[in-house]
Amino acid sequence: YIRKNILDISITTDLIVGFPYEDDNLFNETINFLNKIKFSKIHVFPYSRRKGTKADLMDNQIDEQTKHKRVKEVLKLSEELEIEYMNKFINTDVLVLIEKFENGIISGHTENYIPVKANGVESDINELLMIHIDKMEYPYLIGNKL
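Rules behind the numbers
Residues numbered from 1 in each chain as written. Predicted model: local features only at pLDDT ≥ 70, side-chain atom pairs only at ≥ 80, totals over all residues. Heavy atoms only, no water. Axes fitted to C-alpha atoms, helices over the stretch in contact; angles between N-to-C directions. Helix = DSSP H or I, 4+ residues; strand = E, 2+ residues; numbered from the N terminus. Parallel < 35°, antiparallel > 145°, perpendicular 65-115°, else oblique. Contact = heavy atoms within 4.5 Å. Nonpolar A, V, L, I, M, F, W, Y, C, P; charged D, E, K, R; others polar. Buried < 20%, exposed > 50% of the residue type's maximum accessible area, 1.4 Å probe, protein only. Polar contact = N/O pair within 3.5 Å; in protein donor to acceptor, adjacent residues only side chain to side chain. Phe/Tyr/Trp six-rings, centres within 6.5 Å; stacked < 30°, edge-to-face > 60°. Pairing = 2+ DSSP bridges. Core = buried A, V, L, I, M, F, W, Y, C linked by side-chain atoms within 4.5 Å.

Novice: Would you mind going over the packing of helix 2 (residues 24–37) against helix 3 (residues 64–87) with me for this structure?
Specialist: Between two packed helices, what matters for the description is the angle formed by their axes and the separation of those axes. Where helix 2 meets helix 3, the closest approach of the two axes is 11 Å, and the angle between their N-to-C directions is 10 degrees. The angle between helix 2 and helix 3 places the two elements in the roughly parallel class. Within the contact between the two elements, helix 2 uses Asp24, Phe27, Ile31, Leu34 and Asn35 and helix 3 uses Arg70, Glu73, Val74, Leu77 and Leu81. Residues that form the contact of helix 2 with helix 3 fall into these classes: six nonpolar, one polar and three charged.

Here it is in structure tokens:
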């Protein structure tokens, strides 16, 4: 519903992997869900035990090696989904809030928080500029001021 009504929306999520009882089947269900939803970015963290919490006392704690492996798998998927999402903007014009200038290059973020770089000048900082996107050099879209 959201994607049909808000063109090019960026939907992100935070994910904790390795919570007690997360077996391979549950983790694979999570991966399948992430692929189905196609988040534009996934922030992933391994579950960390905290003394005094109910989860700390639970059986079936997940070992650190498995948690690390799962974090890496989700990060890889996140990058793939992010690249897929960013590629939609090649050969389009995007509005960018310019945040930085360094060595003739301005950088900032689109309204859906995609990082963009282009040629510019220091006075472009804090301006909203229309940038034509020519290509992607992950993790940035690269373009030219209009």
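Let's pick the thread back up.
Novice: Is there a simple way to explain the side chain of Thr110 in this structure?
Specialist: Within the secondary structure, Thr110 is located in strand 4 (residues 105–110). According to the relative accessible area criterion, Thr110 is buried, its value standing at 7%. At 2.5 Å, the side chain of Thr110 and the side chain of Asn112 are in polar contact. In contact with Thr110, not counting residues within four places along its chain, are Val94, Leu95, Val96 and Val116.

Novice: How should I be thinking about unusual backbone geometry in this particular structure?
Specialist: Backbone geometry follows two general trends: most residues other than glycine have a negative phi, and most peptide bonds adopt the trans configuration. Residue Pro139 follows Tyr138 across a cis peptide bond; omega there is 15 degrees. By the element assignment, Pro139 lies in the loop between strand 6 (128–137) and strand 7 (140–145). The backbone of Asn91 shows a phi angle near 70 degrees, a positive value even though the residue is not glycine. Mapped onto the elements, Asn91 comes out in the loop between helix 3 and strand 3 (93–102).

Novice: Just to check I follow, could you spell out the packing of aromatic side chains for this structure?
Specialist: The relation between two aromatic rings is expressed through the spacing of the ring centres and the mutual angle of the planes. For the structure shown, the criterion picks out three aromatic pairs. Geometrically, the ring pair formed by Phe19 and Tyr47 is edge-to-face, given 5.1 Å between the ring centres and 70 degrees between the ring planes. Here Phe19, found in the loop between strand 1 (12–17) and helix 2, pairs with Tyr47, found in the loop between strand 2 (41–46) and helix 3; they are 28 residues apart in sequence, far enough to count as distant. Taking the relative accessible area as the measure of exposure, Tyr47 reaches 8% and is therefore buried. Each ring, one from Tyr85 and one from Phe89, has its centre 5.3 Å from the other, and the planes form 70 degrees; the classification is edge-to-face. Here Tyr85 and Phe89 have matching classes, each one buried.

Novice: I'm lost on the environment of Asp24 in this one. Help?
Specialist: Inspection of the secondary structure puts Asp24 in helix 2. On the basis of relative accessible area, Asp24 is assigned to the exposed category, the value being 52%. With 42 residues separating them in the primary sequence, Asp24 and Thr66 have C-alpha atoms 9.7 Å apart.

Novice: Is there a simple way to explain the sheet that holds strand 4 in this structure?
Specialist: In sheet architecture, strand pairing relies on hydrogen bonds along the backbone and comes in two forms, parallel and antiparallel. Taken in spatial order, the five strands line up as 3-4-5-7-6 and close into a barrel, and their pairing is mixed. Each strand of the sheet is rotated relative to its neighbour by a mean of 50 degrees, with strand direction disregarded. Bridge analysis of strand 6 against strand 7 gives six bridges, and the strand direction is antiparallel. From the neighbouring strand, Ile133 faces strand 7, where its bridge partner is Gly143.

Novice: Just to check I follow, could you spell out the nonpolar core for this structure?
Specialist: Nonpolar side chains tend to gather and get buried jointly when the protein is soluble and globular. Counting 15 residues, the largest nonpolar core has Ile131 and Leu141 as its most contacted members. Contributing elements (two or more residues each) for this core: helix 3, strand 3, strand 5 (115–119) and strand 6. At four residues, the largest contribution of residues to this core is made by strand 6. Excluding anything up to four places from it in sequence, Ile131 contacts Thr92, Asp93, Val94, Val96, Val116, Ala118, Gly143, Asn144 and Lys145. Listed in part, the twelve residues of the second largest apolar core include Val17, Phe27, Val44 and Leu77.

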